[in-house]
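# Observations on chain architecture
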Amino acid sequence: MSDELEIIQSDAGLVADVRSMIEQTREGVARTINAGMTLLYWRIGKRIQTEVLNNERAEYGKEIVQSLSAQLSEEFGRGFGRRSLFNMVRFAEVYPDPQIVQSLIAQLSWTHLQRIIPLKDDLQRDFYAEMCRIERWSTRTLVKKIDSMLYERTAISKKPEEVAKAELAALRSEDQLSPDLVFRDPYILDFLGLKDRYLEKDLEDAILRELETFLLELGSGFAFLGRQTRIQIDSDDFYLDLLFYHRSLKRLIAIDLKLGDFKAEYKGQMELYLRWLAKHEQQPGEDPPLGIILCAGKKTEQIELLELDQSGIHVAEYLTALPPRELLKQKLHAAIEISRARLEAKEGGHSCPPSEEGGSA
């Protein structure tokens, strides 16, 4: 009986090993085919761009592409329609450097790239491509992130262009995530189902009920550690609303929930939490803890004067109802312009433009 059991166990191990070999080989072949086809699409786009659309026959370009599409579709089937060919041209236009293309196709599929290349802003495209790569987003997830305007809600979009480029370059070359690539403003919490009137405890309870969805909104890498973490200092007890750990940043992340607009006094409270965490909870090899103060509204000038970023504190709004996309887009773009102007003015020693009271920074 024992011999039969050993044979069964041996057979099971053999089956598992062979199955793994087959699956790994299939995945490798699929990646190789995807990379090869995507490079082909780039080469086709480059050829059409240089020989048809950018020379003296430009006025006939669309007709030539239409004719080419008809011939290719007849001979090779789907995938070479007029729209597909113009996507290939767009691919070659926004990524003219073959080395960058090689890096992209090693990580992203053509379906990913088809969602990224229509984006108008270079930094926006780089952001989604790098985050897609490092967090291994599916195409469906990528579409959701773009639709929720993740780039515009991420702190890096509000930084001067050169700073943003440097952080994205570090992410590309070293897989190094910065807090500016992780933290967002605002956070969309419409999934909590909160009505017009609620208490801080209601907000916290709703987050814990929908913790999985809340973690998705926070972003990849967050691990939940606890709620109402007791902090005992001298004879006083304090309670931190939510405590997380971020694997890529290698930091504890403290989150404090506030119902109303930001108040200057919140800074001292969060600094106390962060210093206590650094003293009692930070492990060897970890970076100092960071804090997020989630408020229903922000006071932009107060936040700027308090220089919260130097204290490792990020202030963000939360929205319990998703506004119309155009309204959200206008608000985010206005916030980006104001923040960039303020940072550039600060670096140049000039006065800052006035802020909208309660608006995003």
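Heads up: the structure comes first, above all this text.
The structure reproduced in this document is the subject of the present report. (Residues numbered from 1 in each chain as written. Predicted model: local features only at pLDDT ≥ 70, side-chain atom pairs only at ≥ 80, totals over all residues. Heavy atoms only, no water.)

## Quick notes on the pairing of strand β3 (residues 236-246)
The condition is simple: By definition, two strands form a pair when at least two bridges between them are found by DSSP. Numbering of helices and strands runs from the N terminus, with a helix taken as a DSSP run of H or I at least four residues long and a strand as a DSSP run of E at least two residues long.
The sheet contact formed by strand β2 (residues 222-233) and β3 spans 10 bridges and is antiparallel. Bridge pairing in β3 places threonine 229 opposite leucine 240. Both β3 and strand β4 (residues 251-257) contribute to a ladder of five bridges, which runs antiparallel. Within the sheet, the bridge partner assigned to phenylalanine 244 lies in β4 and is isoleucine 253. As consecutive antiparallel partners, β3 and β4 are separated by four residues, and within that stretch lysine 250 has a phi angle of approximately 55 degrees, a positive value.

## Here we look at the nonpolar core
Inclusion rule: Definition used in this section: a nonpolar core is a set of buried Ala, Val, Leu, Ile, Met, Phe, Trp, Tyr and Cys residues joined via side-chain atoms within 4.5 Å. Buried residues are those whose accessible area, probed at 1.4 Å on protein chains only, stays under 20% of the maximum for their type, while exposed residues exceed 50% and partly exposed ones sit between those limits. When checking whether two residues touch, look at their non-hydrogen atoms; a contact exists if any pair is within 4.5 Å.
If you look at the biggest cluster of nonpolar residues, it comprises 67 residues, and the most contacted ones within it are Tyr95, Phe127, Tyr128, Phe214, Phe244 and Ile255. Other than its neighbours up to four places away in sequence, phenylalanine 244 contacts Leu211, Phe214, Leu215, Leu218, Phe222, Ala223, Phe224, Leu225, Arg251, Leu252, Ile253 and Ile255. Within the second largest apolar cluster, 19 residues are counted, among which are Leu243, Ile303, Leu308 and Ile313.

## A word on helix α7 (residues 139-147)
The cut-off we apply is this: What the arc covers is the set of directions going from the helix axis to the C-beta atoms.
Within the span of α7, buried status applies to Thr139, Leu142, Lys145 and Ile146. For α7, the arc enclosing every buried residue in end-on projection is 120 degrees, short of the 170-degree limit, so these residues lie on one face. Counted as exposed and oriented over 90 degrees from the buried face of α7: Arg140 and Lys144. At the C-terminal side of α7, methionine 149 shows a positive phi close to 60 degrees.

## Digging into the layout of surface pockets
Where we set the bar: Grid spacing is 1 Å over the protein atoms alone, the probe is 1.4 Å, and a cavity is where that probe fits but cannot get out, while a pocket is an open set with protein on both sides within 12 Å along at least five of seven lines and lining residues have an atom within 4 Å of a point. Grid points are joined across faces, edges and corners, and a volume is the space filled by probe spheres set on the points. The nonpolar class holds Ala, Val, Leu, Ile, Met, Phe, Trp, Tyr, Cys and Pro. Asp, Glu, Lys and Arg form the charged class, and all remaining residues, Gly among them, are polar.
As a volume, the second largest pocket reaches approximately 640 Å³. Together, 25 residues line the second largest pocket, and Lys144, Lys145, Ser148, Leu216 and Glu217 are the ones closest to its centre. Tallied by class, residues from the lining of the second largest pocket come to 10 nonpolar, five polar and 10 charged.

## Thoughts on empty space enclosed by the protein
If a probe the size of a water molecule is rolled over the atoms, the empty space left behind becomes visible. The final tally for this structure, using the stated rule, is one cavity of 30 Å³ or more. Each pocket or cavity is described by its volume, and for the largest cavity that value is around 40 Å³. Of all the elements in the fold, those that place two or more residues in the lining of the largest cavity are α6 (122-135) and α10 (179-182). The class makeup of the residues in the lining of the largest cavity is five nonpolar, three polar and two charged.

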